[in-house]
Amino acid sequence: EAKRSGRNRSRYFLPAMHRQVEERVMIQQGISTAIAENQLYIEYQPIVHMKKKRVVGAEALLRWHHPKRGRLGPETFIPIIEESDQIGALTVWIIETVAAELRQLPSQKEPSKLSINISSAILNKPELAQQVNDALLRVDAPDHRICLEITETSLMKDIDNTLPLLLRWKDAGYSIWIDDFGTGYSSLSYLARLPIDGVKIDRSFIRDFDNSKPVIEAIIALADTMNLLTVSEGVEQAEQQQSLLRLGCDFAQGYLYSEPLSISLLTDKLEQQLLRESRQTLKFKPRS
Ligand code: C2E
Ligand code: MG
Ligand code: MG
Ligand code: MG
């Protein structure tokens, strides 16, 4: 009996394990082809200035159009890529692509910024950090319009090695934001020493707004005293927007404003905004 159930177990267990191994191999072997054959693309989720009610930038979110599997989201493949050094080449591709697409956006008085997620796997490996550093210096982002998002957890994992990198990138003109803020364990003494522009309040707090309100309030107050800006992630409801405005949050991102968009849809959106704003200044100009 035991023997039979053992055999049964392996009959179900092994194929599942096998599939996971196959999946890893498929992803790790496929990524360089994906880069070479344009299977990867970036969608941009608008970031909105809460008081001005206008789009001021967007976050670059990676997608993979896999020839056999269809559209893959970053959470299905980035963790697997992060296990190998390929995350370096992938991040270089993202930096180059974002820098090129940034130049396609309409020019305006207050130009939009684009944000790139930098994985902890890069910060923790000197060769990968160097590779990414070289790309960041090489692309020479126009007018310092690229922000780097680094999760709180990855930042605190190895702060002694990360801090010099951040200082270099800040010095080169990049803005630096702490991503998913509130989910890690930042030491307040470190926060003050980091060359950061602001924090992104993690979506989990916004989702559970009523219970998390004291935490959100504390983060915004802390950011305020430290002269940091705040972005709220995952804003889906008008009531969340109202409360966040009252609490003094600077920027917001979420389905309430827009889902992630292709670069051409983002461009359209920014052009429409420009048009609307120029019409408005015309309307309010006193007649002579
Ligand atoms: P993240 O940096 O916190 O990015 C925000 C994620 O929240 C995105 O998911 C976005 O589509 C989703 N989101 C935005 N607004 C809402 C909302 O109102 N409601 C809900 N439920 N979700 C919303 P996505 O694109 O699946 O990305 C997931 C994570 O994958 C990102 O989290 C980021 O950590 C990682 N990621 C994405 N692109 C890259 C990349 O190019 N490089 C690296 N290293 N990581 C990336
Ligand atoms: Mg992010
Ligand atoms: Mg985030
Ligand atoms: Mg998040």
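Rules used in this analysis
All residue numbers here refer to positions counted from 1 along the written sequence of the relevant chain. Here every chain gets a letter starting at A, and every ligand a number starting at 1, in the order they are written. Local features in this predicted model are restricted to residues of pLDDT 70 or higher, and side-chain atom pairs are both shown and tallied only at a pLDDT of 80 or more, whereas totals for entire chains, interfaces and linings draw on every residue. As a convention, hydrogens and water are excluded, and side-chain values are obtained from all of the structure's heavy atoms. By convention a nonpolar core is built from buried Ala, Val, Leu, Ile, Met, Phe, Trp, Tyr and Cys residues, the set being connected through side-chain atoms within 4.5 Å. Relative accessible area decides the class of each residue, using a 1.4 Å probe on protein chains only: under 20% of the type maximum gives buried, over 50% gives exposed, and in between gives partly exposed. By definition, residues are in contact when any of their heavy atoms lie within 4.5 Å. Buriedness of a pocket was judged along seven lines, with at least five required to meet protein on both sides within 12 Å; pockets are open sets of points on a 1 Å grid over the protein atoms alone, cavities are sets where a 1.4 Å probe fits but cannot get out, and lining residues have an atom within 4 Å of a point. Grid points are joined across faces, edges and corners, and a volume is the space filled by probe spheres set on the points. Side-chain classes are defined by residue name, with Ala, Val, Leu, Ile, Met, Phe, Trp, Tyr, Cys and Pro counting as nonpolar, Asp, Glu, Lys and Arg as charged, and the others, Gly among them, as polar. A helix here means a DSSP run of H or I that spans at least four residues, while a strand means a run of E at least two residues long, and both kinds are numbered starting from the N terminus. Working definition: residue near molecule or strand if any one of its non-hydrogen atoms lies within 4 Å of it. Polar contacts, as used here, are pairs of N or O atoms within 3.5 Å; protein pairs need one atom able to donate a hydrogen and one able to accept it. Residues neighboring in sequence count only if both atoms are side-chain atoms. Each accessible area is a Shrake-Rupley result for a 1.4 Å probe, and residues are judged covered by the shown protein chains and nothing else. Molecule-in-pocket calls rest on the fraction of atoms, with more than half required to lie within 2 Å of the cavity or pocket grid points.

Colleague: So, the nonpolar core: which residues are in play, and what are the values?
Modeller: One finds Tyr44, Val98, Ile146, Trp169, Leu194 and Ile216 to be the most contacted residues of the largest nonpolar core, which totals 76 residues. Not counting the four nearest positions on each side in its chain, Leu194 is found in contact with Leu155, Met156, Ile159, Leu163, Leu166 and Ile178. Ranked by size, the runner-up nonpolar core spans five residues in total, among them Ile47, Cys147, Trp177 and Phe251.

Colleague: Can you tell me about the layout of surface pockets, naming the residues and giving the values?
Modeller: The calculated volume of the largest pocket comes to roughly 1,200 Å³. Forming the boundary of the largest pocket are 43 residues, of which Glu59, Leu61, Pro74, Glu75 and Asn117 lie nearest the centre. Here the residues of the lining of the largest pocket sort into 14 nonpolar, 14 polar and 15 charged. The volume enclosed by the second largest pocket comes to roughly 370 Å³. At the level of elements, strand S1 (40-49), strand S2 (54-66), strand S4 (113-118), strand S5 (146-151), strand S6 (175-181) and strand S8 (229-232) are the ones that each hand at least two residues to the lining of the second largest pocket. At three residues, the largest contribution of residues to the lining of the second largest pocket is made by S2. In terms of residue class, the lining of the second largest pocket is made up of nine nonpolar, four polar and seven charged.

Colleague: I'd like a rundown of helix H11 (residues 238-247), residues and numbers included.
Modeller: Within H11 the residues assigned to the buried category are Gln240, Gln241, Ser243, Leu244 and Leu247. In this fold, the buried residues of H11 make contact with helix H9 (203-207), helix H10 (209-225) and S8.

Colleague: How would you sum up the site of ligand 1? Please name residues and give values.
Modeller: Looking at ligand 1, there are 22 residues lining it, with Gln45, Glu59, Arg203, Glu236 and Tyr255 nearest. At 3.1 Å, a side-chain N or O of Asn117 approaches an oxygen atom of ligand 1. Protein contact buries 83% of the 800 Å² of open area that ligand 1 shows by itself. Under a 2 Å grid-point criterion requiring more than half of the atoms, the pocket assigned to ligand 1 is the largest pocket. Elements with a minimum of two residues in the shell around ligand 1: S2, helix H2 (74-81) and S6. Looking at the shell around ligand 1 element by element, the count peaks at four residues for S2. Of the residues belonging to the shell around ligand 1, the class tally is eight nonpolar, five polar and nine charged.

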